[in-house]
Every structure is written in structure tokens, then in C-alpha cells.
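Chain by chain, the residues run as shown.
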Amino acid sequence: MIPQSVKDILSNGENVGFYSTLSMILFLIFFLGIVFYVFSRPKKHYDDEANAPLDDDIEDPNL
């Protein structure tokens, strides 16, 4: 039998539920780690980066 879709392939595998649960847990850990990293940075870091396009102090010699 030739599988017609990804659903057919995944429905016939062993431990499919375990792998899907494991991938969801790893994704959540990664996502929460990124959120924690972003919120743990000082606000001054983001203020400096947000205002960078508006700063005309440094002139680009290529312009």
C-alpha cells in the first residue's frame, strides 16, 4: 500500500503519540526559554535598539 498523505504515514508508526508529546514539550521549553530571555534583558537594551534607525550620529560613508 502506498501512503496517500502524511496522516497515513504517521498513523501506522509505533510510538507516534510519544513522539508528538515529546516534540510539543521540547517546543514549549524552547518557547518559554526565548520568552524568559527576552523579558530578562534590561529595558535599556531594547530602547537603544529601537532608536537606532532614528540616530543620525553615525554617518554611513557609502551614502
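Because the structure is a prediction, the values reported are computed rather than measured.

What counts and what doesn't
Residues numbered from 1 in each chain as written. Predicted model: local features only at pLDDT ≥ 70, side-chain atom pairs only at ≥ 80, totals over all residues. Heavy atoms only, no water. Helix = DSSP H or I, 4+ residues; strand = E, 2+ residues; numbered from the N terminus. Buried < 20%, exposed > 50% of the residue type's maximum accessible area, 1.4 Å probe, protein only. Areas by Shrake-Rupley, 256 points an atom, 1.4 Å probe, with all protein chains shown as cover. Phe/Tyr/Trp six-rings, centres within 6.5 Å; stacked < 30°, edge-to-face > 60°.

A. Just the overall build of the protein, in detail. Across its full length, the protein carries three helices and zero strands. Reading the protein from its N terminus to its C terminus gives the helix and strand order α-α-α. Expressed as a percentage of the 63 residues in the protein, the buried residues total 0%. Accessible surface computed for the protein: about 6,400 Å², of which carbon and sulfur atoms make up 65%.

B. Region of interest: the packing of aromatic side chains. For the structure shown, the criterion picks out two aromatic pairs. Judged by centre distance (6.1 Å) and plane angle (20 degrees), the rings of F27 and F31 are stacked. Note that F27 and F31 are positioned in helix α2 (residues 16-40) at a spacing of four residues, about one turn of the helix. Residue classification places F31 among the partly exposed residues on the basis of a relative accessible area of 45%.

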